[in-house]
Amino acid sequence: MSAVGASAKAAPRRPRFTGRAAVLVLVLAVLTVSYASSLRAYLEQRAHIGDLKGAIAEREASINALEREKQRWEDPAFVKAQARARFGYLMPGETGFLVLDENGEPLESQTALSDPDDVIKTVPTAWWSDAWTSVELAGNPPALGDGPATEIDGVAGR
């Protein structure tokens, strides 16, 4: 026998795609489909949770607004103002007037009490910041005009 013939019989060519490889591909495909459906369910649940958190936040904001409204109604001045505005009530000794437009229709009052939480609160400045501004102004006085000032804050001098 020749060396070429003996080596051909000793190592037969094996196919590239075996039964084991087919089973492995099938198992991987089943796992991929299984995990994909689980991932889809997980993502849907996360989206649902996000929607529910948004709804909870809206409800809490609504509850807070209603609690603020309740606190406003506990204030006697607000109740009196609402009685005047809504029902036209007057205090004893007051005279009521109704203002009419050119067509004889009553004009609606545009005044309303604002929510105390919405009032702009100014923060007072510290006394030393005013003093320091005065020192800076003394060190760098503003440029004078053509002559002495004849007016102070728009009022002519005497």
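Structure shown above.
Just so you know, these numbers come straight off a predicted model, no measurement behind them.

1. Re the overall build of the protein
And step 1. Each helix and strand counted, the protein has four helices and two strands in total.
And step 2. In sequence order, the secondary structure elements of the protein are arranged as α-α-α-α-β-β.
And step 3. By the burial criterion, 3% of the 158 residues in the protein qualify as buried.
And step 4. About 15,200 Å² of surface is accessible on the protein, with carbon and sulfur atoms providing 61% of the total.

2. Let's talk about the pattern of salt bridges
And step 1. This structure, assessed with the given rule, holds three salt bridges.
And step 2. Put simply, Arg40 and Glu44 hold a salt bridge, and the shortest N to O gap is 3.2 Å. Of the two residues, Arg40 and Glu44 are both situated in helix H2 (residues 19-73); the distance of four residues between them amounts to about one turn of the helix.
And step 3. Glu44 gets classed as partly exposed once you look at its relative accessible area, which sits at 47%.
And step 4. When the shortest N-O distance is used, the salt bridge between Glu94 and Arg84 registers 2.9 Å. Here Glu94 is found in the loop between helix H3 (76-87) and helix H4 (127-139), whereas its partner Arg84 is found in helix H3, with ten residues between them in sequence.
And step 5. You can call Glu94 partly exposed: its relative accessible area is 36%.
And step 6. By relative accessible area, which is 37% here, Arg84 ends up partly exposed.

3. Observations concerning a nonpolar patch on the surface
And step 1. Together, Val23, Leu24, Val27, Leu28, Leu31 and Tyr35 make up a nonpolar patch on the protein surface, roughly 590 Å² of accessible area in all.
And step 2. Note that Leu28 resides in helix H2.
And step 3. The partly exposed category is assigned to Leu28, whose relative accessible area is 47%.

4. A word on the side chain of Gln82
And step 1. With respect to the helices, strands and loops of the structure, Gln82 is situated in helix H3.
And step 2. Gln82 has contacts with Trp73 and Phe87, leaving out every residue within four places of it along the chain.

5. A closer look at the packing of H2 against H3
For any two helices packed against each other, the geometry is given by the interaxial angle and the distance between the axes.
And step 1. For the pair H2 and H3, the least separation of the axes is 7 Å and the interaxial angle reads 90°. Judged by the inter-axis angle, H2 sits roughly perpendicular to H3. Of the residues in H3, those in contact with Glu69, Arg72 and Trp73 of H2 are Phe78, Val79, Gln82 and Arg86.
And step 2. Each residue belonging to the contact of H2 with H3 can be placed in one class, and the counts come to three nonpolar, one polar and three charged.

6. Concerning the packing of aromatic side chains
And step 1. What the rule picks out here adds up to three aromatic pairs.
And step 2. On the basis of an interplanar angle of 80° and a centroid distance of 5.7 Å, the ring pair of Trp127 and Trp128 is categorised as edge-to-face.

7. With respect to H3
And step 1. For H3, which comprises twelve residues, the first-to-last C-alpha distance of 16 Å matches the rise-based estimate of 16 Å (1.5 Å per residue) to within 8%.
And step 2. Of the surrounding elements, those touching the buried residues of H3 are H2.
And step 3. Just past H3, the residue Gly88 takes up positive phi, approximately 75°.

Calculation rules
- Residues numbered from 1 in each chain as written.
- Predicted model: local features only at pLDDT ≥ 70, side-chain atom pairs only at ≥ 80, totals over all residues.
- Heavy atoms only, no water.
- Helix = DSSP H or I, 4+ residues; strand = E, 2+ residues; numbered from the N terminus.
- Buried < 20%, exposed > 50% of the residue type's maximum accessible area, 1.4 Å probe, protein only.
- Areas by Shrake-Rupley, 256 points an atom, 1.4 Å probe, with all protein chains shown as cover.
- Salt bridge = Lys/Arg side-chain N within 4 Å of Asp/Glu carboxyl O.
- Patch = residues over 30% accessible without salt bridge, like charges linked within 9 Å, V, L, I, M, F, W, Y side chains within 5 Å.
- Contact = heavy atoms within 4.5 Å.
- Axes fitted to C-alpha atoms, helices over the stretch in contact; angles between N-to-C directions.
- Parallel < 35°, antiparallel > 145°, perpendicular 65-115°, else oblique.
- Nonpolar A, V, L, I, M, F, W, Y, C, P; charged D, E, K, R; others polar.
- Phe/Tyr/Trp six-rings, centres within 6.5 Å; stacked < 30°, edge-to-face > 60°.
- Expected span 1.5 Å × (residues − 1).

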